[in-house]
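Fold and geometry: a report
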Protein chains: 2
Amino acid sequence: MDPMDAQSIQRSFPLTYGQPLVHHFSSSNKTPLDIHAPKEQKPIRVGVVFCGRQSPGGHNVICGLHDAMKSHNPKSTLLGFCGGTEGLFKQKTLEITEDVVSKYRNQGGYDMLGRTMDQIRTTEQVNAGLTTCQTLKLDGLVIIGGVTSNTDAAQLAETFAEAKCSTKVVGVPVTFYGDLKNQFVEANVGFDTICKVNSQLISNICIDALSAEKYYYFIRLMGRRASHVALECALQSHPNMVILSEEVAASKLTLYDITKQICDAVQARAELGKYHGVILLPEGLIESIPEVYALLQEIHVLLKNGVSVDNVSKQLSPWASALYESMPPFIKKQLLLSPESDESAQLSQIETEKLLAQLVESEMETRTKNGTYKGKKFNSICHFFGYQARGSLPSKFDCDYAHALGHASYHLLAAGLNGYMATVTNLKNDVYKWRCGGAPFTAMMTVRRLLRGPGSSLIGKPSIHPVAVDLKGKPYELLLRDAEKFLMDDLYSNPGPIQYIGSGSDNKTICLSVEDQDYMGRVTELQAYLEKVRTMVKPGCSQEVLKAALSSMASVLEILTLMSPAAKSSITGHVKY
Amino acid sequence: MDPMDAQSIQRSFPLTYGQPLVHHFSSSNKTPLDIHAPKEQKPIRVGVVFCGRQSPGGHNVICGLHDAMKSHNPKSTLLGFCGGTEGLFKQKTLEITEDVVSKYRNQGGYDMLGRTMDQIRTTEQVNAGLTTCQTLKLDGLVIIGGVTSNTDAAQLAETFAEAKCSTKVVGVPVTFYGDLKNQFVEANVGFDTICKVNSQLISNICIDALSAEKYYYFIRLMGRRASHVALECALQSHPNMVILSEEVAASKLTLYDITKQICDAVQARAELGKYHGVILLPEGLIESIPEVYALLQEIHVLLKNGVSVDNVSKQLSPWASALYESMPPFIKKQLLLSPESDESAQLSQIETEKLLAQLVESEMETRTKNGTYKGKKFNSICHFFGYQARGSLPSKFDCDYAHALGHASYHLLAAGLNGYMATVTNLKNDVYKWRCGGAPFTAMMTVRRLLRGPGSSLIGKPSIHPVAVDLKGKPYELLLRDAEKFLMDDLYSNPGPIQYIGSGSDNKTICLSVEDQDYMGRVTELQAYLEKVRTMVKPGCSQEVLKAALSSMASVLEILTLMSPAAKSSITGHVKY
């Protein structure tokens, strides 16, 4: 953590800052720190709420929480808030019993409880949440959601601690965008399913393109502030091209640059006699194009100042106006939509795929007229895969992962921990090797200093931020390695529909498989080393061994001190629960 | 068969008309008519071609054909025509070996060979086909396609017979529309997969609607001249509403009637506090609305007469012009597109779902202003599921069915039969009870006398026609039974993704399960009865038995003669092969 961030976070979260990481050890785990979990614990009352867009697997978090609570004490009570955070504020609850759970186990959607408003942010909202938890005498509140909801959960935990409210707040990383990632959180519930369903459909379309040989398919995928879904789907289905928002932002590509890139690809393929192809793009792409982003910002400021939609275009700066006027009519209308609550544009409504298809078509016509392109006419079909996958049955991985997170949430609450996110790590390995635990929200926070980009109004306020695709990371490296072959050789791959038994049912996302993420596993490994050195070097050991140990440890410490300014105040430890 | 049709068909197909139905009996079948298929047969040369839109399972027909040919004689040669019928005309072939087959076994798409032009109709085309078959010395030509392609195949068979060409023509019913159905053909390859993939997506969207509770989803499905896909998907996923073209045509509903029906449903649901829903419609719906159809016909006639797109609207009749002008701009543009080769409108390009959503939205606004509707604002999201499923991996059923049809095709050719469609019946039962055979194309033909409706230019020419959803049939009855509950109670059902192992992997379409279709099975059953009577009543039996038999059979014959004018010339028999 950046030390400047640390100060700011500590100031904002004095009571929940600096708590240790926690691990759950089962009785079969033979480490010296093993603590046996008592079989029967005192009954607890817990509330649970869905926040944000429905992610496949959400129901299983509740099932896992329910199962863990009841197995430790059948008298424990689990209350679900109906209609999302609105239900939380209005104390609208449903007692979650075995009957309820059995209907929704392994099912998609959030329809067990529903969701409406997706935030707990204003003072009224936070106070309403506090009142509810006190009135219902809750020992714990579990918030199921993504980046924003878990930031809200962190704030709630701090407020509850300040108000000496006995309700502990725990968050669960459930978001199909897959952008709530850090050293403690390896994956998000829903991402695996969403990528698999979309990859199935993309592959179907690739096969369709290859069979009919007459269309370019432009497919817009979910992914607002990060392009994880587009990257994973590209790795699974091998379309000809994928344009990530992160690439565009990093290279500062203009709309014309992107159009030209696609046209060059179309032309190169035409020279091989290929007039079909599949191109993926995330919905956030439009905001990552610098000049379009600037235009959107101007529009949003004008709308905020009460300028009516019909007059906005007249009040744009000359430069923005020129860009705006160059756009096709359908996209003009979509750019004028009011921004969402997080100040980003209404990305699900802006048909970037159609914009690009039209720009490419007219550029190819120009090239045909100029005589620089001699191939057949360019034909395109556009798709937006925004809703087809969200309500899907969760994959086996998401079913298991969500259920394990539900269990982990219970154990955090039973241990009386407040302001934690439930974590399950070592996910790359088989389920029986997964490790449950928790990490404090504050350890995942950063402070944004950039003046531009969506969410810029949060400047200075510590938050859990969405993590963009790492252009130096292994998954992107994997994509780059084969990008040229994917583009020209039609190496389409069809992972097929999600399977629940047999071949393929244990597949995980490619991102998860190649990323090197087992942070907590490595922390444990390090501690095992320290423990071994401690046992080897104690009164009775030889002078030589002692000397060698001392000098090695001194240099280790020196290196670490140089590398990490924050190393002095370790935030790692163990808590029994 | 209507006797008037029979005459007309016989006139058009003098050489391939009146051939018997054929059944394939395996050596384990103990009926008296059992004929043992010889293990080694003389090597044959066969060509195979994909016609029409790619259907999941198409590859397996070729795999089945290849496997059957090679198992009876490894020296047999199978040639695939590259690029559909265009490859047939240009003699562009690929020898299909075990290597080729192993890459495409159980895979979706038509990319083993591709497809381009989809017809063999003009004299030039038919002659080119004839030349190819003679040059390549083919013993057989297998045409994989739907209604139109099999009609073309019938014509080709007749022409080949006339030209004394030794190539026999066999068709295979492969079309995801599922509209090539008759007493001999129970199902089409691809329909099972398409309905399963679409039902998976529709269910996902139903769950999404129920979780977010704020949108009506309008989903347009494939189905041009018949709504089988929409009906089957509705039976699998239980959306709130489905509007079939056949219902609209039968009740002569206007665009306003349909809009009103949907608005009434939206209003009734709003009274229960429900502001979400899912509505399915087939792409052919727009043509089934009488006044829109009349408008489209006027437009197509004007376009045919060389009127430019910009001038069409000015030359419409006052009535058609009024309707045209009342339409939203995007649909106006789409209605002006030139018709397809079968004279139907470009249905994949006409966004009927958006038209209905807009009409419903403005009607709900009117009702709000009038004070007759007091609920929340109506919000919609539109989808067209036209391309996501076509390239899918085929379901287990389609894999098996297609492979069996490939086998059946081989046996028809090996028996020297010309002008037949390969059939596999008793599909409702387990695979080992399926029955392979063939039926002459001419036995499936009818002659259209109606003056209106797509394909009206074919009047008087016998064809295999697409079969519409039977509004008196069992699948539709099943839908009607629950329609009210589906509409109001959100009984969404999620069949989930296609499975290849375990629970659900042997599911068949609901239409297939409830339809009563085993025609050839019942023919066999009847013949068994006749055989039993023959054995019971022979010299030596008592006078009483003989009298009873005589009088019963006389009355049976009398009833049958009254019922079927064509009964005198039976077209059923057995051929050994």
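Definitions and limits used
- Residues numbered from 1 in each chain as written.
- Chains lettered and ligands numbered in written order.
- Predicted model: local features only at pLDDT ≥ 70, side-chain atom pairs only at ≥ 80, totals over all residues.
- Heavy atoms only, no water.
- Buried < 20%, exposed > 50% of the residue type's maximum accessible area, 1.4 Å probe, protein only.
- Helix = DSSP H or I, 4+ residues; strand = E, 2+ residues; numbered from the N terminus.
- Pairing = 2+ DSSP bridges.
- Salt bridge = Lys/Arg side-chain N within 4 Å of Asp/Glu carboxyl O.
- Core = buried A, V, L, I, M, F, W, Y, C linked by side-chain atoms within 4.5 Å.
- Contact = heavy atoms within 4.5 Å.
- pLDDT = per-residue confidence, 0-100.
- Least-squares fit on C-alpha atoms with pLDDT ≥ 70 in both.
- Buried area = accessible area lost by both parts, 1.4 Å probe.
- Polar contact = N/O pair within 3.5 Å; in protein donor to acceptor, adjacent residues only side chain to side chain.
- Nonpolar A, V, L, I, M, F, W, Y, C, P; charged D, E, K, R; others polar.
- Phe/Tyr/Trp six-rings, centres within 6.5 Å; stacked < 30°, edge-to-face > 60°.
- Lys NZ or Arg CZ within 6 Å of the ring centre and 35° of its normal.

Here the focus is the pairing of strand E5 (residues 140–145) of chain B. Residue and element names in this part refer to chain B. Most of E5 sits inside the fold, with 6 of its 6 residues counted as buried. The two faces of E5 match: Gly140, Val142 and Ile144 on one face and Leu141, Ile143 and Gly145 on the other face are all buried. Judged from the 5 bridges that link them, strand E2 (residues 45–50) and E5 form a sheet pairing that is parallel. Residue pairing across strands places valine 46 opposite glycine 140, the latter belonging to E5. One ladder, built from 6 bridges, connects E5 with strand E6 (residues 168–173); its direction is parallel. From the neighbouring strand, valine 142 faces E6, where its bridge partner is valine 170.

Residues and elements named next belong to chain A. One open sheet holds the 4 strands; their spatial order is E8-E9-E7-E10, and the pairing between them is parallel. The open sheet has two free edges, formed respectively by strand E8 (241–242) and strand E10 (380–385), since each of these has just one partner strand. Looking at chain direction, E8 and strand E9 (residues 277–282) are connected through 2 bridges and run parallel. Looking at the pairing, valine 242 lines up with leucine 280 of E9.

What follows covers the pattern of salt bridges. Residue and element names in this part refer to chain A. Tallied over the full model, the rule gives 44 salt bridges over all chains. Taking the shortest distance from any N to any O, the salt bridge between arginine 224 and glutamate 340 comes out at 2.8 Å. Highlighted residues: arginine 224 in the loop between strand E7 (216–221) and helix H8 (228–237) and glutamate 340 in the loop between helix H15 (329–335) and helix H16 (352–370), separated in sequence by 116 residues. Between aspartate 490 and lysine 274 there is a salt bridge, with its nearest N and O atoms 3.7 Å apart. Here aspartate 490, found in the loop between helix H18 (474–489) and helix H19 (510–514), pairs with lysine 274, found in the loop between helix H10 (255–271) and E9; they are 216 residues apart in sequence, far enough to count as distant. Taken together, the salt bridges that share partners define one network made up of Arg53, Arg224, Glu283 and Glu340.

Right, let's get into the nonpolar core. Within soluble globular proteins, side chains that are nonpolar tend to cluster in buried spots. Ranked by internal contacts, the top residues of the largest apolar core, which has 79 residues, are Val48, Ile62, Ile143, Ile144 and Tyr401 of chain A. Ranked by residue count, the leading element in this core is helix H17 (residues 396–414) of chain A, at 9 residues. The residues touching isoleucine 144 of chain A, leaving out its near neighbours within four places in the chain, are Val48, Val49, Phe50, Cys51, Gly58, Val61, Ile62, Tyr110, Val172 and Val174 of chain A. Of all hydrophobic cores here, the second largest spans 78 residues; its members include Ile62, Ile143, Cys165 and Val169 of chain B.

Residue and element names in this part refer to chain A. For chain A, per-residue confidence averages 89 on the pLDDT scale, and 92% of positions sit at 70 or higher. Averaged pLDDT values for the elements of chain A fall to 80 in helix H20 (residues 519–536) and rise to 98 in strand E6 (residues 168–173). For residues 29–38, every residue scores under 50 in pLDDT, and the model assigns this stretch 11 contacts once sequence neighbours within four places are set aside. Taken as a whole, residues 454–458 scores under 50 in pLDDT and shows 8 contacts with residues more than four places along the chain or in a different chain. ipTM for the predicted complex: 0.84, alongside a pTM of 0.87.

The next thing to look at is the sheet that holds strand E10 (residues 380–385) of chain B. Residues and elements named next belong to chain B. If you trace the 4 strands from one edge of the open sheet to the other, you get E8-E9-E7-E10, paired in parallel fashion. The open sheet has two free edges, formed respectively by strand E8 (241–242) and E10, since each of these has just one partner strand. As defined by bridge partners, strand E7 (residues 216–221) adjoins E10 across 6 bridges and the pair is classed as parallel. Its bridge partner being in E10, phenylalanine 218 is matched across the sheet by cysteine 382.

For the rest of this paragraph, the subject is the relation of the copies chain B and chain A. The transform that puts chain B on chain A rotates by 180° and translates by 0.0 Å along the axis, for an RMSD of 0.1 Å. The operation mapping one copy onto its partner corresponds to a two-fold rotation axis. Of all interface residues in chain B, 100% are interface residues in chain A too; the two copies therefore contact each other through one and the same surface.

One full turn of an α-helix is made of 3.6 residues, so residues set three or four places apart face in the same direction. Residue and element names in this part refer to chain A. Within H8, 10 of the 10 residues are buried, which leaves it mostly tucked inside the rest of the structure. The inward-facing, buried residues of H8 abut helix H7 (191–212), E7, E8, E9, H18 and H19. Count one or two residues on from H8 and you reach histidine 238, which has phi positive near 55°.

One frequent convention defines the size of an interface as the accessible area lost when the parts assemble. With 39 residues of chain B in contact, the opposing surface of chain A contributes 39 residues. Roughly 3,200 Å² of surface becomes buried between chain B and chain A when both sides are summed, with 53% attributable to carbon and sulfur atoms. Along the contact surface separating chain B from chain A lie 2 salt bridges. Residues aspartate 208 of chain A and arginine 390 of chain B are paired through a salt bridge, measuring 2.7 Å at the closest nitrogen-oxygen approach. The tally of links between chain B and chain A comes to 17 residue pairs in polar contact (both at pLDDT 80 or more). Looking at the side of chain B that touches chain A, the elements that each hand over two or more residues are helix H7 (191–212) and E10 of chain B. A total of 10 residues in the side of chain B that touches chain A trace back to one element, the largest contributor, which is H7 of chain B. Residue composition of the side of chain B that touches chain A, by class: 17 nonpolar, 16 polar and 6 charged.

The final tally for this structure, using the stated rule, is 20 aromatic pairs over all chains. Between tyrosine 217 of chain A and tyrosine 387 of chain B the ring centres are 5.8 Å apart and the planes differ by 65°, which places this aromatic pair in the edge-to-face class. Highlighted residues: tyrosine 217 of chain A in strand E7 and tyrosine 387 of chain B in the loop between E10 and helix H17 (396–414), drawn from two different chains. The class for tyrosine 387 of chain B is buried, based on a relative accessible area of 6%. When the centroid spacing of 5.9 Å and the interplanar angle of 85° are considered together, the rings of phenylalanine 384 of chain B and tyrosine 387 of chain B count as edge-to-face. Among the aromatic residues, ring-to-ring pairing joins Tyr215 and Tyr217 of chain A together with Phe384 and Tyr387 of chain B into one connected group. A cation sits over an aromatic face here: arginine 220 of chain A above phenylalanine 384 of chain A, 3.8 Å from the ring centre.

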